Amino acid sequence: MAQIIDGKAVSEQLKAEIGAAVLKLKEETGVQAGLAVILVGEDPASQVYVKNKGISCKQCNINSIEHRLPADAKQEDLMALIDKLNNDPAIHGILCQLPLPKHLDENQVLLAIDPAKDVDGFHPMNVGKFMTLKKFSDMADAGVFLPCTPYGCIELLQRSGVKLDGANAVVIGRSNIVGKPVAMMLMSLNCTVTICHSRTKNLADVVRAADIVVAAIGSPEFVKGDWIGKGATVIDVGVNRISDPAAKSGTRLVGDVEYAAASENAAFITPVPGGVGPMTIAMLMKNTLMSAQRAAKK
Ligand code: NAP
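Quick notes on the rules
Residues numbered from 1 in each chain as written. Predicted model: local features only at pLDDT ≥ 70, side-chain atom pairs only at ≥ 80, totals over all residues. Heavy atoms only, no water. Helix = DSSP H or I, 4+ residues; strand = E, 2+ residues; numbered from the N terminus. Rg over C-alpha atoms; globule rule 2.2 N^0.38 Å. Buried < 20%, exposed > 50% of the residue type's maximum accessible area, 1.4 Å probe, protein only. Contact = heavy atoms within 4.5 Å. Pairing = 2+ DSSP bridges. Right-handed = clockwise from strand over helix to strand, strands pointing away. Axes fitted to C-alpha atoms, helices over the stretch in contact; angles between N-to-C directions. Near = heavy atom within 4 Å. Polar contact = N/O pair within 3.5 Å; in protein donor to acceptor, adjacent residues only side chain to side chain. Areas by Shrake-Rupley, 256 points an atom, 1.4 Å probe, with all protein chains shown as cover. Nonpolar A, V, L, I, M, F, W, Y, C, P; charged D, E, K, R; others polar. Disulfide = S-S within 2.5 Å. 1 Å grid on protein atoms, 1.4 Å probe; cavity = no way out; pocket = protein on both sides within 12 Å on 5 of 7 lines; lining within 4 Å. Points joined across faces, edges and corners; volume = space filled by probe spheres on them.

Time to look at the overall build of the protein. Within the protein one finds 10 helices and 11 strands. Relative to the globule expectation of 19 Å for 298 residues, the C-alpha radius of gyration of the protein, 20 Å, shows essentially globular dimensions. Along the first, second and third principal axes, the C-alpha atoms of the protein reach 55 × 40 × 35 Å. The 298 residues of the protein split such that 50% are buried. Taking as baseline every contact in the protein between residues at least 6 positions apart, the subset at least 24 positions apart corresponds to 71%.

This is how it looks when you write it as structure tokens:
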């Protein structure tokens, strides 16, 4: 049976380390790490995410400053707020919770965030800088921010002691927020990477040859247990809600991989929930700490 990679436990450990580093930075340099979170409108899921980010900031001793704008906020008001935060030395990270109400231009907003405070790692400047890095470990010195969910996948692999150097990694999914960046990160850590998508032929055979499988599809239990090679590592990014009459709520969450069957073949596997999910916010905290450390060096 596979060893479970417990993302909840890893994220708690990581947040404790970040919390200590934030205090140390303040003691040594006077710089107090600060994260600004912008929420436009009343989207219930976004409100939960923003609340959870605030809780994590507290755990990590990071100042969390929430800016709430009404659902009918004008583009120029949002741009003015971002400009103010870009120029505020107490703010080291700026995050605009997506999706934005339909009348607002998301792309313009993401481009307006100073790349040096883009702790989500979505600004093209950060994407481009990362693409040109030779080694993953050069990232901190190069002033790059990595997007949080794929970065969390890498943190889980590294902390679980999974051998990356020379490993065959198969990434299923090529989105800009998960598939593509996680593939680039694995390559920069010396994996040989195959990126699969909806047009890939013989997907099961490609997956069977993998030492590491990262599934980021958004389709419940799409990857079958018998696709997973003996001793492989499975990182399941998918979060899918399916109906389950036996559950109190009538639904439950599953990943993109058939967890029980895959666990019989894999050496390591992430559960859903409790695998990659909790790592995303933890990596946001790590990026905010990194940004504050960079600011302190200036
Ligand atoms: P996405 O933008 O919809 O991308 C899905 C990818 O899966 C696409 O590249 C698509 O291929 C590929 N795909 C779809 N059907 C396929 C098939 N039959 N065979 C092979 N590949 C197939 O999704 P995403 O934003 O990357 O998210 C993926 C999953 O991760 C979702 O369940 C999402 O909820 C979850 N997620 C979790 C976190 C977290 O835990 N914090 C964060 C982000 C996302 P094409 O490009 O050819 O269409």
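Moving on, we come to the pairing of strand 5 (residues 168-172). Among the 5 residues that make up strand 5, 4 are buried, leaving the element largely enclosed by the rest of the structure. In this structure, strand 5 lies alongside strand 6 (residues 192-196), joined through 5 bridges in parallel fashion. Across the sheet, residue Asn-168 finds its bridge partner in strand 6, namely Thr-192. Each parallel crossover has a hand, and for strand 5 linked through helix 7 (residues 179-188) to strand 6 it is right-handed. With 4 bridges connecting them, strand 5 and strand 7 (residues 212-215) associate as parallel partners. Each residue of the ladder has a partner; that of Val-170, found in strand 7, is Val-213.

This part covers the sheet that holds strand 1 (residues 3-4). The 6 strands lie next to each other as 1-11-8-7-5-6, forming an open sheet whose pairing is parallel. Because the sheet does not close on itself, it has two edges, and the strands there are strand 1 and strand 6. Where strand 1 and strand 11 (residues 268-269) come together, 2 bridges link them in parallel fashion. Residue pairing for strand 11: Ile-4 is matched across the bridge by Ile-269. Against the sheet, helix 7 makes contact with strand 5, strand 6 and strand 7, and its axis sits at roughly 170° relative to strand 5, the strand it touches most.

Now for the site of the ligand. In the vicinity of the ligand there are 20 residues, among which Arg-174, Ser-175, Ser-198, Val-239 and Thr-280 approach most closely. Residue Ser-175 places a side-chain N or O atom 2.5 Å away from an oxygen atom belonging to the ligand. For the ligand, a nitrogen atom lies 2.8 Å from a polar atom in the side chain of Thr-280. Against a free-state accessible area of 930 Å², the protein chains account for coverage of 67% of the ligand. A breakdown of the residues in the shell around the ligand according to their chemical character gives 9 nonpolar, 10 polar and 1 charged.

Moving on to the environment of Lys-297. Secondary-structure assignment places Lys-297 in helix 10 (residues 277-297). Taking the C-alpha atoms as reference, Lys-297 lies 37 Å from Ala-216; in sequence the two are 81 residues apart.

Such a bond, covalent and formed between the sulfur atoms of two cysteines, is termed a disulfide. Taken as a whole and assessed by the stated rule, the structure comprises 0 disulfides. Here Cys-96 stays unpaired: no disulfide links it, and the sulfur of Cys-148, its closest cysteine neighbor, is 14 Å away. Cys-96 gets classed as buried once you look at its relative accessible area, which sits at 3%. In this structure Cys-153 is a free cysteine whose sulfur lies 11 Å from that of Cys-148, the closest cysteine sulfur available.

For the bond running from Leu-98 to Pro-99, omega is 0°, close enough to zero to count as cis. Cis geometry is found at the peptide bond from Val-272 to Pro-273, where omega equals 0°. By secondary structure assignment, the location of Pro-273 is in the loop between strand 11 and helix 10. Even without being glycine, Asn-202 reaches a positive phi, approximately 50°. Mapped onto the fold, Asn-202 is located in the loop between strand 6 and helix 8 (203-208).

In this section: the layout of surface pockets. In this model, the largest pocket occupies a volume close to 1,400 Å³. Contributing to the lining of the largest pocket are 47 residues, with Tyr-49, Thr-149, Gly-277, Thr-280 and Ile-281 lying nearest its centre. Broken down by element, the lining of the largest pocket gets its largest block of residues, 8 residues, from helix 2 (residues 44-59). Tallied by class, the residues present in the lining of the largest pocket amount to 25 nonpolar, 14 polar and 8 charged.

Let us look at empty space enclosed by the protein. Here the structure, examined in full by the defined rule, presents 1 cavity of 30 Å³ or more. Here the largest cavity is characterised by a volume of approximately 30 Å³. Along its surface, the largest cavity is lined by Ile-94, Leu-95, Cys-96, Leu-98, Leu-110, Ile-113, Asp-118 and Asp-120. For the lining of the largest cavity, the element with the most residues is strand 4 (residues 93-96), which contributes 3 residues. Here the lining of the largest cavity is built from residues that sort into 6 nonpolar, no polar and 2 charged.

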